[in-house]
Amino acid sequence: MNQNVTMINHPLVQHKLSILRDETTGVKEFREVVSEIASLMCYEATRDLPLKDVTIKTPVATATFHALAGKKLAIIPVLRAGLGMVDGVLTLIPSAKVGHIGLYRDPDTLQPVEYYCKMPADISERDAIVLDPMLATGGSASAAIQIVKNYGVKNVKLMSIIAATDGVDRVTKDHPDVPVFIAAMDGGLNEHSYIVPGLGDAGDRIFGTK
Ligand code: PRP
Ligand code: URA
């Protein structure tokens, strides 16, 4: 596996992912489990956050402990499906700001089409985590990362729940500086470029639109 890619194979994540894959899982549970997996993945994706020493007086003694240092964070869900990961990440990083990128994959050309973008005003001073549960051809994630970089963000990470090898290859080639966190690497894509076995259309399953 590419050195920029981290597979999160924690048993809790793998168990929850099987729930997502099951076609009988309904919209309520699907949404809840996407959010839970996003939290667990966020825990790993933020493992390298820098710390600084802080002096704290406990009820017993004064001592040196740790607090987060470094740049503040922004999370950037790719609409629509990335929205399902937002609450889970904000559970761990409640003060992160949230930017939104609206992209859909044209069903014929498979090219990402941008229809919305709204970033926090101070985005260039933040580190960013792009959220999209599905990394299929990689076109959408690669375009979203480029949009974030165009705002001047220096450190970008990508969190996707299920990736196809094509998608990982595309993103790591287009953006060799971007660490990618995934919970599964599925083999291939079908004739509609859906991940096989995957979990189907993530946006439709999160929002109940099919
Ligand atoms: C899905 C998914 C990704 C994209 C992945 O979005 O959420 O954004 O497809 O495919 P790719 O790697 O081949 O680009 P979709 O276009 O279905 O839009 P939606 O989230 O609004 O349903
Ligand atoms: N988008 C999805 O939602 N699912 C896939 O399998 C591929 C792209």
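From a predicted model like this one, the values you see are computed outputs, not experimental measurements.

The rules we used
Note that residues are indexed from 1 along each chain, following the sequence as it is written. Naming scheme: in the order in which they are written, chains are lettered from A and ligands are numbered from 1. For a predicted model such as this one, the threshold for reporting local features is a pLDDT of at least 70, and the threshold for listing and counting side-chain atom pairs is 80 or more; totals across whole chains, interfaces and linings nevertheless cover every residue. Values reported for side chains reflect all heavy atoms of the structure, with hydrogen atoms and water molecules removed beforehand. Elements are defined by DSSP. Helices are runs of H or I of four residues or more, strands are runs of E of two residues or more, and each kind is numbered from the N terminus. Relative accessibility under 20% of the residue-type maximum defines a buried residue, over 50% an exposed one, and the middle range a partly exposed one, all with a 1.4 Å probe and only protein chains included. Under the rule applied, a polar contact is a pair of N or O atoms within 3.5 Å (in protein, one hydrogen donor and one hydrogen acceptor; residues adjacent in sequence only if both atoms are side-chain atoms). Residues count as neighbours in contact if any of their non-hydrogen atoms are within 4.5 Å of one another. Each residue is tested against the molecule or strand, and it is near if at least one of its non-hydrogen atoms lies within 4 Å. Per-residue and other accessible areas were derived by the Shrake-Rupley procedure at a 1.4 Å probe size, with only the shown protein chains allowed to occlude residues. Space inside and on the surface of the protein is sampled on a 1 Å grid over the protein atoms alone, with a cavity defined as a set of points where a 1.4 Å probe fits but cannot get out and a pocket as an open set with protein on both sides within 12 Å along at least 5 of 7 lines; lining residues have an atom within 4 Å of a point. A molecule is counted as occupying a cavity or pocket when more than half of its atoms fall within 2 Å of that pocket's grid points. Polarity classes work like this: nonpolar for Ala, Val, Leu, Ile, Met, Phe, Trp, Tyr, Cys and Pro, charged for Asp, Glu, Lys and Arg, and polar for all others, with Gly in that last group.

Asker: Break down the side chain of S160 for me, citing the residues and quoting the values.
Answerer: As for its position among the elements, S160 is in strand β10 (residues 156-164). Judged by relative accessible area, S160 falls into the buried class, the value being 0%. In this structure the side chain of S160 is engaged in a polar contact, spanning 2.7 Å, whose partner is the backbone oxygen of D132. Apart from the residues within four sequence positions on either side, S160 is in contact with M41, D132, P133, M134, L135, F181, I182 and A183.

Asker: Just give me the short version of the site of ligand 2, but keep the residues and values in it.
Answerer: Taken together, R105, M134, A136, S193, Y194, I195, G200, D201 and A202 are the residues near ligand 2. The backbone of A202 places a nitrogen or oxygen atom 2.8 Å from an oxygen atom of ligand 2. If ligand 2 stood free it would expose 240 Å²; the protein chains cover 87% of that surface. In a pocket analysis with a 2 Å cut-off to the grid points, ligand 2 is assigned to the largest pocket. Among the residues making up the shell around ligand 2, the classes are represented as five nonpolar, two polar and two charged.

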